[in-house]
Amino acid sequence: MFFFLFRVSANRIVLVSLVLLIPNKMKIPSLLLRFPHCCFSRRTYFPNFHFTSRVDFLCIESLTPAQHYQTKWISSSNGLRRELRQQVAPDQQVEELSDREQRLVDRLYSGLIQGHRACLAESITLVESTQSRKKKIAQVLLQKVLSYHREQEKLNQGKPLAFRVGLSGPPGAGKSTFIECFGKMLTERKYKVSVLAVDPSSSTSGGSLLGDKTRMTELSRDMNAYIRPSPTRGTLGGVTRTTNEAILLCEGGGYNVVLVETVGVGQSEFAVADMVDMFILLLPPAGGDELQGIKRGIIEMADLVAINKADGDLVVPARRIQAEYVSAMKLLRKRSKVWRPKVMRISAKTGKGISDMWDKMTEFHDLTLTSGELIAKRRKQQKVWMWNLIQENMLEHFRSHLAVKDKIPLLEEKVLHGVLSPGLAADLLLKAFKDSV
């Protein structure tokens with residue numbers, strides 16, 4: 001049964017509302033056989049509809065901004081078909097902001113591009129928020145910053161605005177000491193340095209220490225530097241899901257060197273290599289032999305290996321491990337056509353080798369930029385990170401889906417008691433999910 005409410009205008013008849021009552025057993029294709037000139041969707045009430053004439057059929061189109069996609073069964077001269085229609089453009093899929101929210105976005109954007117650290121901090125906090133409404137506001141802000149970022153790159157002849165550097169190493173390698181020494185050297189050379197220090201979240205309490213900023217006392221007081229500690233919240237790879245967005249915000253704030261310090265060393269740490277231009281591995285002098293280094297796996301991703309603490313009694317061990325890693329790097333597959341990974345000795349305590357290390361880093365940046373590898377790498381990274389976020393969001397969507405939400409605890413209980421195997425339980429959940437889509 002249908003109930004229509006029309007409004008007549010000068011050039012068209014507008015259907016203001018439509019109430020459609022469908023029996024539970026009646027399928028949409030069978031309805032189309034009875035009403036061949038209408039387009040149906042699996043809903044009982046549609047606000048703001050209008051009719052539009054086409055060559056071979058009459059369809060109903062939704063103007064509701066919140067509904068971006070809609071499954072339609074359409075009857076036409078070519079037969080019955082199902083169609084997934086996009087109702088709004090991709091850049092218009094974010095819900096309209098209120099006046100207060102729009103003022104917040106404008107204030108943060110204006111302060112960010114003017115280099116205000118407080119606005120940068122507030123913007124990163126907004127991006128890191130897990131609240132659904134704040135995530136939508138953050139996406140609007142990111143789109144504005146991304147547009148500004150593209151304009152600035154065009155003015156810079158298409159060259160990247162900032163040098164993104166990933167830094168990793170085992171606990172005790174001296175990462176925080178190195179970053180402070182390295183950052184101070186760069187700020188003295190008129191660079192603006194941003195440090196995104198990621199701390200592991202406790203699997204028991206869920207908290208993080210966030211103590212890296214406390215260690216970098218001199219750099220944290222430098223007006224040309226910005227240090228942002230962030231918790232991982234259980235994210236694999238030692239980076240937060242919003243680290244990529246935080247890098248973009250830092251570049252929008254005028255920081256031309258972005259350091260991403262990550263958690264520990266391991267195979268899951270590869271995530272940071274998918275968001276930086278250069279990946280540096282920092283090792284202590286007693287970090288094991290070359291075989292141990294290869295087993296770690298992360299050595300394959302390193303563009304530069306730095307042996308830290310090469311001072312005092314540790315000079316000889318540092319020289320020995322440098323030689324071992326030089327020979328180990330020769331066994332690895334070459335990833336770049338223009339750059340072979342280097343192994344250096346440095347001392348963050350005395351500052352020895354820090355300037356030479358920066359020279360090697362700029363050499364890497366210039367070579368990869370000239371060859372086109374840097375631009376190609378950044379484009380590939382955006383694609384990889386998009387799929388990483390899709391994977392994460394799909395898992396969250398799966399857990400909260402109505403078809404499986406109530407079944408998950410029951411099947412988990414059966415798996416715990418050995419009634420079902422994990423594989424069979426997973427298949428049952430996936431089948432319930434697919435049948436409901």
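Reading the values: the criteria
- Sequence order as written defines the numbering, with residues in each chain counted from 1.
- Local features are withheld for residues below a pLDDT of 70 in this predicted model, meaning they are given only at 70 or higher, and side-chain atom pairs are given and counted only at 80 or more; totals for whole chains, interfaces and linings count all residues.
- Side-chain figures throughout are based on the complete set of non-hydrogen atoms in the structure, without hydrogens or water.
- Put simply, buried Ala, Val, Leu, Ile, Met, Phe, Trp, Tyr and Cys residues joined by side-chain atoms within 4.5 Å make one nonpolar core.
- Note on classification: 1.4 Å probe, protein chains only; a residue is buried when its accessible area is under 20% of the maximum for its type, exposed when over 50%, partly exposed between these limits.
- Only DSSP runs of H or I with at least four residues qualify as helices, and only runs of E with at least two residues qualify as strands; both kinds are numbered from the N terminus onward.
- Residues count as neighbours in contact if any of their non-hydrogen atoms are within 4.5 Å of one another.
- Note on aromatic contacts: the rings of Phe and Tyr and the six-membered ring of Trp form a pair at centre separations within 6.5 Å, being stacked when their planes are under 30 degrees apart, edge-to-face when over 60 apart, and tilted otherwise.
- For a Lys NZ or an Arg CZ to count as sitting over a ring, it must be within 6 Å of the ring centre and within 35 degrees of the ring normal.
- For two strands to pair, DSSP has to find at least two bridges joining them.
- Here, a salt bridge means any Lys or Arg side-chain nitrogen found within 4 Å of an Asp or Glu carboxyl oxygen.

Enquirer: Describe the nonpolar core, listing the residues and the values that go with them.
Expert: Of all hydrophobic cores here, the largest spans 49 residues; its most connected members are Leu120, Leu249 and Val305. Top element by residues in this core is helix H4 (residues 132–155). It accounts for 7 residues. Residues in contact with leucine 249, not counting those within four places in the same chain, are Leu112, Leu120, Ser123, Ile124, Val127, Leu142 and Val145. Counting residues in each nonpolar core, the second largest holds 30 residues, with Leu167, Ile179, Leu186 and Met361 among its members.

Enquirer: Pulling in residues and values, what's your account of unusual backbone geometry?
Expert: One non-glycine residue, lysine 190, lies in positive phi territory at about 75°. When you line up the elements, lysine 190 lands in the loop between helix H5 (175–188) and strand E9 (193–199). A relative accessible area of 72% means that lysine 190 is categorised as exposed. Phi at lysine 309 is positive, roughly 65°, even though this residue is not glycine. Mapped onto the secondary structure, lysine 309 falls in the loop between strand E13 (304–307) and helix H10 (315–329).

Enquirer: Requested: an account of the packing of aromatic side chains, with residues and values cited.
Expert: Applying the stated criterion across every chain yields a total of 8 aromatic pairs. Taking 5.2 Å as the distance between ring centres and 15° as the angle between the ring planes, the aromatic pair formed by phenylalanine 178 and phenylalanine 182 counts as stacked. Within this pair, phenylalanine 178 and its partner phenylalanine 182 are both found in helix H5, separated by 4 residues, close to a single helical turn. Across this residue pair, the class does not change: phenylalanine 178 and phenylalanine 182 are buried. Pairwise contacts between aromatic rings join Phe163, Phe178, Phe182, Tyr191 and Trp358 into one cluster. Between lysine 192 and the ring centre of tyrosine 255, over which it is positioned, the NZ or CZ distance is 4.5 Å.

Enquirer: Outline the pairing of E13, listing residues and values.
Expert: Here E13 shows no split at all, with Leu304 and Ala306 on one side and Val305 and Ile307 on the other all buried. Pairing of strand E12 (residues 278–283) with E13 involves 4 bridges; the strand directions are parallel. The partner of leucine 281 across the bridge, within E13, is valine 305. The pairing of E13 with strand E14 (residues 342–345) spans 4 bridges and is classified as parallel.

Enquirer: So what about the pattern of salt bridges? Which residues, and what values?
Expert: On inspection of all chains with the given rule, the structure shows 10 salt bridges. Across the pair aspartate 277 and arginine 378 runs a salt bridge whose closest N-O atoms are separated by 2.7 Å. One end of the pair, aspartate 277, is in the loop between strand E11 (257–261) and E12; the other, arginine 378, is in helix H12 (residues 373–400), with 101 residues separating them in the sequence. The pair aspartate 277 / arginine 378 is uniform in exposure class, with both members buried.

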